Amino acid sequence: MSRQVVSTTNAPAALGPYSQAIVSNGMVYVSGQIPINPATGEIEAKDISGQTEQVLKNLEAVLEAAGSSIANVVKTTCFLDDINEWPAMNDVYAKVFHTAPPARSAFEVGKLPKNAKVEIEAIAKLN
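Residues numbered from 1 in each chain as written. Predicted model: local features only at pLDDT ≥ 70, side-chain atom pairs only at ≥ 80, totals over all residues. Heavy atoms only, no water.

(A) Local environment of the nonpolar core. Core analysis: the biggest nonpolar cluster contains 26 residues, and Val 28, Val 30, Leu 59, Leu 63, Met 89, Phe 97 and Ile 120 have the highest contact counts within it. Secondary-structure elements contributing two or more residues to this core are strand S2 (21–24), strand S3 (27–33), helix H1 (48–66), strand S6 (73–80), helix H2 (86–96) and strand S8 (118–125). When residues of this core are assigned to their parent elements, the largest contribution, eight residues, is made by H1. Excluding its chain neighbours within four sequence positions, the residues that come into contact with Leu 59 are Val 30, Gln 33, Ile 70, Phe 97, Ile 120 and Ala 122. Ile 34, Ile 36, Ile 43 and Ala 116 belong to the second largest nonpolar core, which has six residues in total. (Core = buried A, V, L, I, M, F, W, Y, C linked by side-chain atoms within 4.5 Å. Buried < 20%, exposed > 50% of the residue type's maximum accessible area, 1.4 Å probe, protein only. Helix = DSSP H or I, 4+ residues; strand = E, 2+ residues; numbered from the N terminus. Contact = heavy atoms within 4.5 Å.)

(B) The pairing of S2, seen in detail. Of the two faces of S2, the one carrying Ala 21 and Val 23 and the one carrying Ile 22 and Ser 24 are both buried. Pairing of strand S1 (residues 4–6) with S2 involves three bridges; the strand directions are antiparallel. Bridge pairing in S2 places Val 6 opposite Ala 21. In terms of strand pairing, S2 meets S3 through four bridges, oriented antiparallel. Paired with Val 23 across the two strands is Val 28, which belongs to S3. Hairpin connection, S2 to S3: the antiparallel pair is bridged by two residues, and Asn 25 has positive phi, about 50°. (Pairing = 2+ DSSP bridges.)

(C) Here's a closer look at H2. Within the sequence span of H2, burial applies to Met 89, Val 92 and Tyr 93. Projected down its long axis, H2 shows its buried positions confined to an angular sector of 100°, all on one face. Seen from the buried face of H2, the exposed residues on the opposite side, beyond 90 degrees, are Asp 91 and Lys 95. Contact partners of the buried residues in H2: H1, S6, strand S7 (103–108) and S8. (Arc of directions from axis to C-beta.)

(D) Inspection of the sheet that holds S7 at higher detail. Read from one edge of the open sheet, six strands run S1-S2-S3-S8-S6-S7, paired in mixed fashion. Looking at which strands have only one partner, the edges of the open sheet turn out to be S1 and S7. Averaged over all pairs of adjacent strands, the angle between strand axes in this sheet comes to 15°, irrespective of strand direction. Two strands pair when backbone bridges link them, and S3 and S8 are joined in this way by five bridges, in the antiparallel orientation. Bridge assignment links Tyr 29 to a residue of S8, and that residue is Ile 123. (Axes fitted to C-alpha atoms, helices over the stretch in contact; angles between N-to-C directions.)

See below:
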C-alpha cells in the first residue's frame, strides 16, 4: 500500500503528531481542520458561519496540495461544539458543497482544539 504525507503552508500546521493529510491508493484522507487562519496562526472569526468558512478554505488548501479538490470529496465528518449551531454551519457548508454533496456525519462534541466552534475532516478521491 502506497502512503504519501501531504503538507502545505496554505492551511494551518498540524497541532500535534499527525499529518494534514495522507494520500493512499487514489484517496486523500484529510485530518480535521479547525478555523485557524494560516497567515496569522489565529482563529479570527468569532461566529460559527465565519469559522466554517475558514475551515472549508483550509480543507480546500489541503485537498489542492494533495492533488484533489472540494469536488472530489466523498465523505466529511463535522464536529461542532454546539449542535444548535448546525443550521448556520450547514448554510455555509451548502454554499461550498452545492452540487452532489458528499456523504456526511455531524456531531456535537465536548470541546474542540483552541476552543474552535467547528472542525471538519474529509475523504476525497484524487483528481
